[in-house]
Amino acid sequence: TLACLAPGVGRALTAPATITNDTAWGLADSPVSITNSCLVASNATLTIEPGVTLKIKGSLNINGRLLAVGQPANPIVFDELNPGEKWGNLNFAQLTADTIPKTNLLVHATFTNMSSYIYISQQTAVFSNCNIHLRGPLWGYGLAAYVNTSVDVINQRILGRYTRWESTNLPV
């Protein structure tokens, strides 16, 4: 049987529970479904290419590195898997003492229908030209950064009922 796909329509990849090797998700994989939660292990880099849509139920946890670099006309979209069921959070997790910190890069990305926030601890993250849309009762943070964290926020837009930026124990 021969299957023909329209341009820009991928094979709809389902993400594994854990990514242990460097992995790239391209337009041919889109939409990528995360049916529970997905962990990028400390030794791995997840690269998400322009135009990819992620449909998430649960959370995306980064112990390794995330490179999600979209383009103005081809942003990367993080959205809920099932309509009406918000997804969890994007969590840049604390590193173990033997792990070398990595720089995570998110450019031209849109985060919609999140039930939580983007949490960064003991990681470095650069957000440029991103939109974060929060839904539901939250603690009110769009981004929360804690302990030995470096975060650059460039042209960021955070929308929600009570959204704010919080940071603690960051160098001044």
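Quantities reported herein were computed from a predicted structural model and do not represent experimental measurements.

A. Quick look at the nonpolar core. The biggest cluster of nonpolar side chains holds 32 residues, and the ones touching the most others in it are Ile48, Leu54, Phe78 and Phe111. It is strand S12 (residues 109–114) that contributes the most residues to this core, 3 residues altogether. Ignoring any residue separated from it by four or fewer positions in sequence, one finds Phe111 in contact with Phe78, Trp87, Leu90, Leu106, Ile118, Cys130, Asn131, Ile132 and His133.

B. The arrangement of unusual backbone geometry in detail. The step from Ser30 to Pro31 runs through a cis peptide bond, and the omega angle for that step is 0 degrees. One can find Pro31 in the loop between strand S2 (23–25) and strand S3 (32–34). With a phi angle near 50 degrees, His108 is a residue other than glycine that sits in the positive phi range. In the Ramachandran plot, Asn113 falls in the positive-phi region, its phi being about 55 degrees despite a non-glycine side chain. Looking at where Asn113 falls in the secondary structure, it is placed in strand S12. A residue is classified by how much of its surface remains accessible, and Asn113, at 15% relative accessible area, is buried.

C. Quick peek at the packing of aromatic side chains. Following the criterion strictly, the structure yields 2 aromatic pairs and no others. Look at Phe78 and Trp87: their rings are 6.5 Å apart centre to centre, the planes differ by 20 degrees, and that puts the pair in the stacked class. What makes Phe78 buried here is its relative accessible area of 0%. An angle of 20 degrees between the planes, with centres 4.5 Å apart, marks the rings of Phe78 and Phe111 as stacked. Of the two residues, Phe78 is situated in strand S9 (residues 76–80) and Phe111 in strand S12; the sequence distance between them amounts to 33 residues. The same class applies to Phe78 as to Phe111, namely buried. Taken together, the ring pairs connect Phe78, Trp87 and Phe111 into an aromatic cluster.

What counts and how
- Per-chain numbering applies: the sequence of each chain, read as written, is numbered from 1 onward.
- Given that this is a predicted model, residues contribute local features only at a pLDDT of at least 70 and side-chain atom pairs are listed and counted only at 80 or more, while totals for whole chains, interfaces and linings are drawn from all residues.
- Excluding hydrogens and water, the side-chain figures rest on all heavy atoms present in the structure.
- For our purposes a nonpolar core is just a set of buried Ala, Val, Leu, Ile, Met, Phe, Trp, Tyr and Cys residues, chained together by side-chain atoms within 4.5 Å.
- Burial classes: relative accessible area under 20% of the type maximum marks a residue as buried, over 50% as exposed, and values in between as partly exposed (1.4 Å probe, protein chains only).
- Each helix is a run of DSSP H or I of at least 4 residues and each strand a run of E of at least 2, with the numbering of both proceeding from the N terminus.
- We call two residues in contact whenever any of their non-hydrogen atoms come within 4.5 Å of each other.
- Here is the rule: rings of Phe, Tyr and Trp (six-membered ring for Trp) pair when centre to centre is within 6.5 Å. Planes less than 30 degrees apart are stacked, more than 60 are edge-to-face, and the remainder are tilted.

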